[in-house]
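Survey of secondary and tertiary structure
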Amino acid sequence: MNRASRKRVLCLVGLVGLLVIAVSARHLTRWDVPSVPLRLTMLAFILLCPVLLGMAIGVWGGERGGVWGARGASAVYLGAVVLAWAQDGVFPVGFHLPGVRTPLFVTLTNLGIFLITLYFMQALGGSGGRLGVSLAGKDAST
């Protein structure tokens, strides 16, 4: 299998993995799964998503695959945050109670959580990108 075909396969594996996680997460909440295994599974899904996304994007980046994966995972995360904010008018990592003013420390805490999550999404996406590049193999011309 040549390098371009391997890249396509790895990109497809990453995207199909994301789709499987999305469908599984949707159905897990409907099944009668005990609380602890459900939370652990969702945590695993949260950690796997940026890795798979980073792999799907980063595999095309060559030696800069980690950067591609990190930027791609960050962009998707920021896009999801902006979309949720535009739809609900609520900062996604916080909460909003109608008629109750949110204290400043809650807003700052939410902002801190958002930045920490963004950092981890970027780091995990970069790891996925480097993984994709290493699985795709080195360029034959180098």
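Residues numbered from 1 in each chain as written. Predicted model: local features only at pLDDT ≥ 70, side-chain atom pairs only at ≥ 80, totals over all residues. Heavy atoms only, no water.

So, on to the packing of aromatic side chains. Taken as a whole and judged by the stated rule, the model has 2 aromatic pairs. Here Tyr77 and Phe114 contribute two aromatic rings whose centre-to-centre distance is 5.8 Å and whose plane-to-plane angle is 20°, an arrangement assigned as stacked. Of the two residues, Tyr77 sits in helix H3 (residues 65-88) while Phe114 sits in helix H4 (residues 104-136), which places them 37 residues apart along the sequence. One exposure class covers both Tyr77 and Phe114, and it is buried. Centre to centre, the rings of Tyr119 and Phe120 are 5.5 Å apart; their planes meet at 70°, and the pair counts as edge-to-face. On the basis of relative accessible area, Tyr119 is assigned to the exposed category, the value being 54%. (Phe/Tyr/Trp six-rings, centres within 6.5 Å; stacked < 30°, edge-to-face > 60°. Helix = DSSP H or I, 4+ residues; strand = E, 2+ residues; numbered from the N terminus. Buried < 20%, exposed > 50% of the residue type's maximum accessible area, 1.4 Å probe, protein only.)

Packing of helix H2 (residues 35-58) against H4 leaves a shortest axis separation of 6 Å and a crossing angle of 45°. On the basis of their axis angle, the class for H2 and H4 is oblique. The chirality of how H2 crosses H4 is right-handed. Two secondary-structure elements touch here, H2 through Ile46, Leu47, Pro50, Val51, Gly54, Met55 and Gly58 and H4 through Met121, Leu124, Gly125, Gly128, Gly129, Leu131, Gly132, Val133 and Leu135. (Axes fitted to C-alpha atoms, helices over the stretch in contact; angles between N-to-C directions. Parallel < 35°, antiparallel > 145°, perpendicular 65-115°, else oblique. Left-handed = near helix turned anticlockwise from the far one by under 90°. Contact = heavy atoms within 4.5 Å.)

In short, the description is geometric, and any link to function would need to be established separately.
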